[in-house]
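# Structural overview for review
What follows is each chain in one-letter form.
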Amino acid sequence: MSEEKAEYIWMDGKIVKWDDANIHVKTHALHYGTGVFEGLRGYAFNRNVHIFRLKAHLDRLYYSAKLYRMNIPYTHEEFSEAVISIVKANNIRENCYIRPIVYRGYGPLGLNPLKSPVNAAIYAIPFKEYLGEGVLENGITCLISSWERISPRALPPEAKACGNYLNSVLARLEAVEKGYTEAIMLDHRGFISEGTGENIFIIRKGEVYTPPLYASILEGVTRDSLLQLFKTELKIDVKVTDLTRSELYRADEVFICGTAGEVTPVVKIDSTVIGDGKPGEITRKIQKVYLDAVNGRNAKYIHWLTPVY
Ligand code: PMP
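Residues numbered from 1 in each chain as written. Predicted model: local features only at pLDDT ≥ 70, side-chain atom pairs only at ≥ 80, totals over all residues. Heavy atoms only, no water.

What follows covers the site of the ligand. As a matter of local geometry, the ligand sits amid 15 residues, with Tyr165, Glu194, Val221, Thr222 and Thr259 nearest to it. Measuring from an oxygen atom of the ligand, one finds a side-chain N or O atom of Tyr165 at 2.4 Å. One nitrogen or oxygen atom from the side chain of Glu194 is found 2.7 Å from a nitrogen atom belonging to the ligand. For the ligand, whose accessible area on its own is 390 Å², the fraction buried by protein is 95%. (Near = heavy atom within 4 Å. Polar contact = N/O pair within 3.5 Å; in protein donor to acceptor, adjacent residues only side chain to side chain. Areas by Shrake-Rupley, 256 points an atom, 1.4 Å probe, with all protein chains shown as cover.)

Following this line, the structure appears as structure tokens:
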């Protein structure tokens, strides 16, 4: 099985062949970005695959859909089963990424989405590091983007909606074209918001900080997990507070986190080397705690994991 392909896809309640999972060009979401989605990971251990925080991800999916007046025609339970079923259908036995999407489908011309049906699909693929091989150990470089993160007066940043990601795409393009791995965006007030697909934490003099929800962030499931893990495992109360651009530059440690990126150290921002240019001690500790939790090595967090088989 190639990394970016599996055999089957779940589409509107049916399991179809990968190459048959097609949609019409008149799909509303294609033109206007009227879809909402999730990204989940499955972790392979104990001869099973375990989906990390399935309920939290589906809660966010249903919330995002509600904002855009999409009634998902499946109960939470049914959708959870569907997510599990597509991993099973493909007989995936390794670490994987799962992408459910709910979108406005084929309907009449025009912006009113209510006249287009609500469709849903889920794919699952084998998956390793999102930001490149070795980044968890060595860290990445980030650019402070010249693109501002979408403001809550324009689009709800806390919804994981397809259209929101044009903002992330521009920031990511800018970063990549300038030779950086990832971009960090400022919010509409000029405070630190987040990466294009990750939340951000900084560490200075042993204190840990992360931007608040009103800094136009997506409320990450990983961020939430880390807030809990910092408290219970490292006995550190994270300070959820506004951060300025220069607080990033003078931080001892910086890392970004997300389902795909897990806990990725940031070793350089713009031209500024962070700390001594290597992943810091607290970053490495919380990364280990997180990877232990998702891989079932800490019994306290086993309730975060839903076995597939
Ligand atoms: N911010 C953005 C913009 C994202 O796309 C993601 C990935 N879903 C995150 C943060 C991290 O969220 P999570 O930890 O739930 O994957």
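Structure's up, so let's keep going.
Positionally, Thr34 belongs in the loop between α1 (28-32) and β3 (35-37). Overall, the relative accessible area of 17% leaves Thr34 in the buried class. A polar contact is formed between the side chain of Thr34 and the side chain of His28, at a distance of 2.8 Å. When near neighbours in sequence (up to four residues on either side) are disregarded, Thr34 contacts His28, Ala29, Met70, Tyr103 and Arg104. (Helix = DSSP H or I, 4+ residues; strand = E, 2+ residues; numbered from the N terminus. Buried < 20%, exposed > 50% of the residue type's maximum accessible area, 1.4 Å probe, protein only. Contact = heavy atoms within 4.5 Å.)

Turning our attention to the packing of helix α6 (residues 221-233) against helix α8 (residues 281-294). Packing of α6 against α8 brings their axes to within 10 Å, and their N-to-C directions diverge by 105°. One finds that α6 runs roughly perpendicular with respect to α8. Mapping the contact onto sequence places Thr222, Ser225, Leu226, Leu229, Phe230 and Glu233 in α6 and Ile282, Ile286, Val289, Tyr290 and Ala293 in α8. Among the residues forming the contact of α6 with α8, the class breakdown is eight nonpolar, two polar and one charged. (Axes fitted to C-alpha atoms, helices over the stretch in contact; angles between N-to-C directions. Parallel < 35°, antiparallel > 145°, perpendicular 65-115°, else oblique. Nonpolar A, V, L, I, M, F, W, Y, C, P; charged D, E, K, R; others polar.)

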